[in-house]
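# Descriptive structure summary
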Amino acid sequence: MSPMAETMENPYHKLLEEVRQTTDAHLERIMVRVMDQTDDALFSMADKAESNQLQSLYFDAMREVRLKRPAIESGCRDHFLTLFRGATGEAAAGGGSDLPAEELSLGLVDMDELEESLAVDNMVSKLRESAHEALAALDMRMGFLLGRAELTGDDNPLGPEAFCRSFQEGCHSLESGIEVKLIVLKLFDRYAFHDIVELYDHLNVMLAERDVLRELPARDKHPSQPSPPRAAATPPGEEAPTAEQAGAAGAAMAGVPGPGGGGPGAGGDVFSVLARLLAGAAGGTAAGAGAGYGDAGGGVGGLPGGPMGAGGDGGGRAGGGPAVATGAVVSDLTALQRGGRAGGVLAGVGGDLTPVAATGTPVNVLHTLRSSGVLGGGTSEATTLDIVAMMFDYILDDDALPDVIKAQLARLQLPLLKVALLDRSLFSDKHHPARTLLDTLAATGVGLREDEERDRPLFRQIAVTAQQVVDEFEDDIGLFVELLEEFQAFLERELAGFEATIEAVAADTAAEERLDLARQRAEAEVRKRLERPRVPVLVGQFFDHTWRRVLERTALEEGRGTGAWKLDVETMDILLWSLEPKGSAGERRRLVGLLPELLRRIKEGARRSGMDGNECNLFISALAPLHGRAVKPPEQVAEDHGLPVLEDQPDSVSPPPVDNVVQLPEPDPEFLAIVRELDRGTWIEFRRGGGVRARLSWVSSISGRYLFTDRRGARVLERAPRELAVELAAGDAMLIEDEPLFDRAVSNLMEVLDAAAA
């Protein structure tokens, strides 16, 4: 294409080429830094590996990455250039021959390729989420240059997909297997992302300076990407959030569409959306829906807000309902929450408002309050009551919470209703102290075992905190800040003991695995020798009963592959050779020269195995005639009938172990990927055998098995990753929700109301 044709095709061709060159220069520096740090990281991982197998894996990966580094770097940059030129309408240099789309989509996918692809997908999602603001701006600017106003992150030639897939392409030169590729991809994830985000910022500044959308047009926020299943609700033993941070980890409510478009934002927007959905579900107009829900009037107890529903008179009238003073409602609710009787606007409330039945079952008392009719329809207070009541329907029916915790949360119904009346930001502000306290109490209750835990300090603290809310909360929301800080201080004290218990359990488990691995290695070496033809019974018993223990101890103390291990294995081979007939004078002389060292090794090994000294001497004495027979000329051996006869296999040797392990079905790659992404702290409900909830507390670096404990840190069960993936796919195990309880309740309410309105 001629320069004039290029200009006609895209007037911003030169600027796009400048963007490409700038990006390529940054990408070159990023790759150098990533590969340097990858080399250092692999060396450090090998140095700290807890098993020879892992150490070998890391060293092999390091060696191959060093050898293939030029190919990885050039492959990444070349693939990025191909993608960029393809997206900007240019032919890639060299004219690559991509596979047709139908071949790519219909070809059978190898499991390793699928696992690699899932890892890259996670990288793309993570980078898109981390850089969503800078990427949203870059989407608009690149869309402007390419003449595509609706350009999205997937189509942007500078998007996360382009960088991650290009690095994946560069790694295709690695031949060590999927384990090495996943390690290298993970290290790219760790070391490149910050630089890529900085590149996005740099490109935005560069393009703005060149008058490409210097002032960005208004645009909806970049949509958050769905995150994979992750750790369960934070229990004791986790890093507890501060009073200011708690609750911020939940799914963002910003962007949840409401009737009429737009998503909830700051202030009371989430509440407004809920009110509109409630009105639509009821077939009418909720009090104060939309603009009518603006705050008005003075605050109650020093709080902003005051009477809700500024429909005109500031006294609570909204829509067509009777005027109700929010302060009076809050005062009556305080009397009811403390077990008294209301004497004001709620004087007509009937029925029992006890939040927990005699059977211990939690009760939604807000429905009883609503059915009394004291808060007429059409008021903002009535709408608030409906919303909070439906949220507690979800909370008290949540399978993730044990009944003992639901009973404590049920006691917070009236206090939370009061908070919602006083401060509508409860629904939008993820840092709201009342909301955060509810989430924290619920999260710490995951894994509690009903009556067994009632006397535990954790349960008592949850109950004490709930009781303090009931006893002390009137209209000062600052109380929730104080209680949250006190509860988190308690969790920090619990954390110290919990971690100590986990460390002890993990250390015991690791020791058991090392011993088991040593036994397996010793068994394998002994078995190989015993499978040789005509092994003497005497020697076979010695190998099986004594030398096996020698090998186990060496494997534990020194490790396989060390000089001590090789020496012990070699001793078995020399002993077997020494008993074979020697057909030449040279072999007989060699045997005579080796015998002193061989007998010394046997005695030393027997001592390390715990073999009695007299028993060892008897064994060595029994070897003497066998060695004498081995050095005799062949014609004398044939005439000698008084020496021990060599057997094909010693009768007393332990038989080979029977493989009675149940063969699991091949795990679903999707669930296997989920399992491998699990973080420490994840809670899982195992449903077989009566059901048990357990926390992922440790992953073995030796076997890769997952150790699950209860809330106290005691071992509950272990699972191999493949075994856990099969259980998750079959529904025999279930990840416990990690999204904060309040977020889940609001999301569920929106879905229910939206479905009802439809």
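As a starting point, this report considers the structure included with it. Since the structure is predicted, the reported quantities are computational estimates derived from the model, not experimental observations.

### Some details on the nonpolar core
Proteins that are soluble and globular tend to have nonpolar side chains buried together. With 69 residues, the main nonpolar core has L333, L346, L409 and F427 as its most contacted residues. With near-sequence residues (within four places) excluded, F427 lies in contact with V270, F271, L274, I387, V388, M391, A420, R435 and F742.

### Quick word on helix α10 (residues 326–337)
An α-helical segment advances 3.6 residues per turn. Residues three or four places apart therefore align on the same side. For α10, with twelve residues, the first-to-last C-alpha span of 16 Å sits near the 16 Å given by 1.5 Å per residue. T326, V329, V330, D332, L333, T334, L336 and Q337 are the residues of α10 that are buried. The elements touched by buried residues of α10 are α11 (365–371), α12 (380–395), α14 (413–422) and α16 (457–472). At the exit of α10 stands G339, carrying a positive phi of roughly 85°.

### Concerning empty space enclosed by the protein
Going through the model one piece at a time under the given rule, you end up with two cavities of 30 Å³ or more. Roughly 60 Å³ of volume is contained in the largest cavity. Together, V388, M391, F392, I395, L416, L426, F427, L438 and F742 line the largest cavity. Looking at the lining of the largest cavity, the element that brings in the most residues is α12, giving four residues. Split into classes, the residues belonging to the lining of the largest cavity amount to nine nonpolar, no polar and no charged.

### A closer look at the pairing of strand β2 (residues 692–699)
Across the eight residues that make up β2, a large majority, six, are buried. Across four bridges, strand β1 (residues 683–686) lies against β2 in antiparallel orientation. Considered in β2, the bridge of E685 is made with R693. The hairpin formed by β2 and strand β3 (residues 706–709) contains six residues between the paired strands, and G704 there has a positive phi angle of roughly 80°.

### Focus: the packing of helix α15 (residues 433–445) against α16
Where α15 contacts α16, the axes come no closer than 10 Å and their chain directions differ by 160°. Looking at the two axes, α15 sits roughly antiparallel to α16. In the packing of α15 onto α16, the handedness of the crossing is left-handed. Packed against α15, whose contacting residues are L437, L441, T444 and G445, the element α16 presents L458, I462, T465 and V469 at the interface. Each residue belonging to the contact of α15 with α16 can be placed in one class, and the counts come to five nonpolar, three polar and no charged.

### Regarding the packing of aromatic side chains
Between two aromatic rings, the relevant description is the distance of the centres plus the angle of the planes. Taken as a whole and assessed by the stated rule, the structure comprises 15 aromatic pairs. Ring plane angle 80° and centroid distance 5.1 Å describe the contact between F686 and F708, whose orientation is recorded as edge-to-face. Of this pair, F686 sits in strand β1 while F708 is found in strand β3, placing the two residues 22 residues apart along the sequence. Like F708, F686 is buried. Pairwise contacts between aromatic rings join F80, F84, F163 and Y200 into one cluster. A cation over an aromatic ring shows up here: K582 above the ring of W577, its NZ or CZ 4.3 Å from the ring centre. Taking NZ or CZ as reference, R590 lies 4.4 Å from the ring centre of W577, over its face.

Thresholds, definitions, all that
- Per chain, residues are indexed from 1 in the order of the written sequence.
- Reporting of local features is limited, given that this is a predicted model, to residues whose pLDDT is at least 70; pairs of side-chain atoms are given and counted only at 80 or more, and all residues count toward the totals for whole chains, interfaces and linings.
- Note that the side-chain values use all heavy atoms of the structure and ignore hydrogens as well as water.
- Think of a nonpolar core as a cluster: buried Ala, Val, Leu, Ile, Met, Phe, Trp, Tyr and Cys residues, connected wherever their side-chain atoms sit within 4.5 Å.
- Relative accessibility thresholds used throughout: buried, under 20% of the residue-type maximum; exposed, over 50%; partly exposed, between the two (1.4 Å probe, protein chains only).
- Note on definitions: a residue-residue contact is assigned when non-hydrogen atoms from the two residues lie within 4.5 Å.
- Strands here mean DSSP runs of E at least two residues long; helices mean DSSP runs of H or I at least four residues long; both are numbered from the N terminus.
- Here the expected length of a helix is defined as 1.5 Å per residue gap, with one fewer gap than residues.
- The rule is simple: put a 1 Å grid over the protein atoms alone, call a set of points where a 1.4 Å probe fits but cannot get out a cavity, call an open set with protein on both sides within 12 Å along at least five of seven lines a pocket, and count a residue as lining if it has an atom within 4 Å of a point.
- Grid points are joined across faces, edges and corners, and a volume is the space filled by probe spheres set on the points.
- Here the nonpolar group is Ala, Val, Leu, Ile, Met, Phe, Trp, Tyr, Cys and Pro; Asp, Glu, Lys and Arg are the charged ones; every other residue, Gly included, is treated as polar.
- Two strands are counted as paired when DSSP detects at least two bridges linking them.
- Axis angles are defined between N-to-C directions and span 0 to 180 degrees, where every axis is a line fitted to C-alpha atoms and, for a helix, only to the segment in contact.
- Any angle that is under 35 degrees is reported as roughly parallel, and any over 145 degrees as roughly antiparallel; angles of 65 to 115 degrees are reported as roughly perpendicular and all others as oblique.
- Less than a right angle of anticlockwise turn of the near helix away from the far helix marks a crossing as left-handed, whereas a clockwise turn marks it as right-handed.
- Paired rings are identified among Phe, Tyr and Trp, the last through its six-membered ring, by centres lying within 6.5 Å, and are further divided according to the angle between planes into stacked (under 30 degrees), edge-to-face (over 60) and tilted (the rest).
- Note on criteria: charge over ring means Lys NZ or Arg CZ within 6 Å of the ring centre, with the direction from the centre no more than 35 degrees off the ring normal.

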